[in-house]
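Take a look at the letters that make up each chain.
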Amino acid sequence: MQNIFDNKTFFEGYRTLRSTGANYNDLLEQPAMQKLLPDLRGKTVLDLGCGYGRNCLDFVHRGAKAVTGIDLSQKMLEIARGESADPKITYINENMTELSKLHMKFDFIYSSLAFHYVENFLSFVRDIYTALNAGGQLLFSQEHPFVTATIGGKQHYNYNQAGQAVSFTFSDYNRPGKRSVSWFVEGVEKYHRTFGEIITTLANAGFVIETVEEPMPASFAQEKLPALKKEAIKPTFLIVKAKKMATI
């Protein structure tokens, strides 16, 4: 995985975006993810791509007995250890695709907007399945395949004469693979997979799919950030909740 978050320009741009509170993460993706969280009381939790560690701290507040946060970015973890520290949380500076090196088991594995940075999705999903206890659950969000699809990232909304967005144009949906896009800096690497590939890979690894969501923002979120109204045209995020069935 590319460690783009330790790029100074990227990191500062991202941190500024998240500090406003009026962004897609805080108003759309995170509210949808929180609604799907299971009961975490007494559970062991792993956060893949934990970033600032805010979710790790939230898991502790929800009753988790131990939380492990993994992130490739040293800059992110510096903030996590300063702002989201707790005796029950362990932060590890590691590529989340090296999950098998932990040799640990968890009741719940969580990831927010990190899976689209993973190249070998099949191997990654298999490692997650192995790391879950029987009956354990996986909850993750990623950029929607409509968003990751276009090579070069040249996708756009189309507007009517009144300046209202009425449709969305993208391409290359059925051509999976690496995409290099511009976001704060040039050359940000992501990986596009179709919806079918994502779900089938999870199922073939042994997961039972419990929930699939393409979230719409609540009314208050649209009032705070009017750009979110365009989510009615096409979703920005894909959220999946899956379970490793208990052995008989």
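Data block above holds the structure.
Residues numbered from 1 in each chain as written. Predicted model: local features only at pLDDT ≥ 70, side-chain atom pairs only at ≥ 80, totals over all residues. Heavy atoms only, no water.

Trainee: Can you break down the sheet that holds strand β10 (residues 208–213) residue by residue, with the values?
Mentor: As summarised here, the arrangement of the seven strands in space is β3-β2-β1-β4-β5-β11-β10, forming an open sheet in which the pairing is mixed. Where the open sheet ends on each side, the last strands, each with one partner, are β3 (89–93) and β10. Across the sheet, the axes of successive neighbouring strands diverge by a mean angle of 15 degrees, strand direction being ignored. Sheet topology places strand β5 (residues 132–143) next to strand β11 (residues 237–243); seven bridges connect them, and they run antiparallel. Note on β11: the bridge partner recorded for E143 is F237. (Pairing = 2+ DSSP bridges. Helix = DSSP H or I, 4+ residues; strand = E, 2+ residues; numbered from the N terminus. Axes fitted to C-alpha atoms, helices over the stretch in contact; angles between N-to-C directions.)

Trainee: Describe in detail unusual backbone geometry, supporting the description with residues and values.
Mentor: One non-glycine residue, L113, lies in the positive phi region at around 55 degrees. Among the secondary structure elements, L113 is positioned in the loop between β4 (106–112) and α5 (121–131). The phi dihedral of D172 is positive, around 60 degrees, even though this residue is not glycine. With respect to the helices and strands, D172 occurs in the loop between β7 (165–169) and β8 (177–183).

Trainee: Tell me about the packing of aromatic side chains, and please be specific about residues and values.
Mentor: How two aromatic rings sit relative to each other is given by the distance of their centres and the angle of their planes. Using the criterion set out here, one finds 13 aromatic pairs in the structure. On the numbers, 6.2 Å between centres and 85 degrees between planes, the contact of F59 with F108 is edge-to-face. Taken together, the residues F59 in helix α3 (residues 54–61) and F108 in strand β4 connect sequence positions 49 residues apart. Through pairs of rings, three or more aromatic residues link up here, namely F146, Y157, F168, F170 and Y173. A cation over a ring is seen here: K244 above Y129, with NZ or CZ 4.7 Å from the ring centre. (Phe/Tyr/Trp six-rings, centres within 6.5 Å; stacked < 30°, edge-to-face > 60°. Lys NZ or Arg CZ within 6 Å of the ring centre and 35° of its normal.)

Trainee: Summarise α5; cite the residues concerned and give the values.
Mentor: If you check which residues of α5 are buried, you get F121, F124, V125, I128 and A131. Buried residues of α5, viewed axially, fall in a sector of 125 degrees; they line one side. On its buried face, α5 is in contact with β1 (44–48), β4, β5 and α7 (195–205). (Buried < 20%, exposed > 50% of the residue type's maximum accessible area, 1.4 Å probe, protein only. Arc of directions from axis to C-beta. Contact = heavy atoms within 4.5 Å.)

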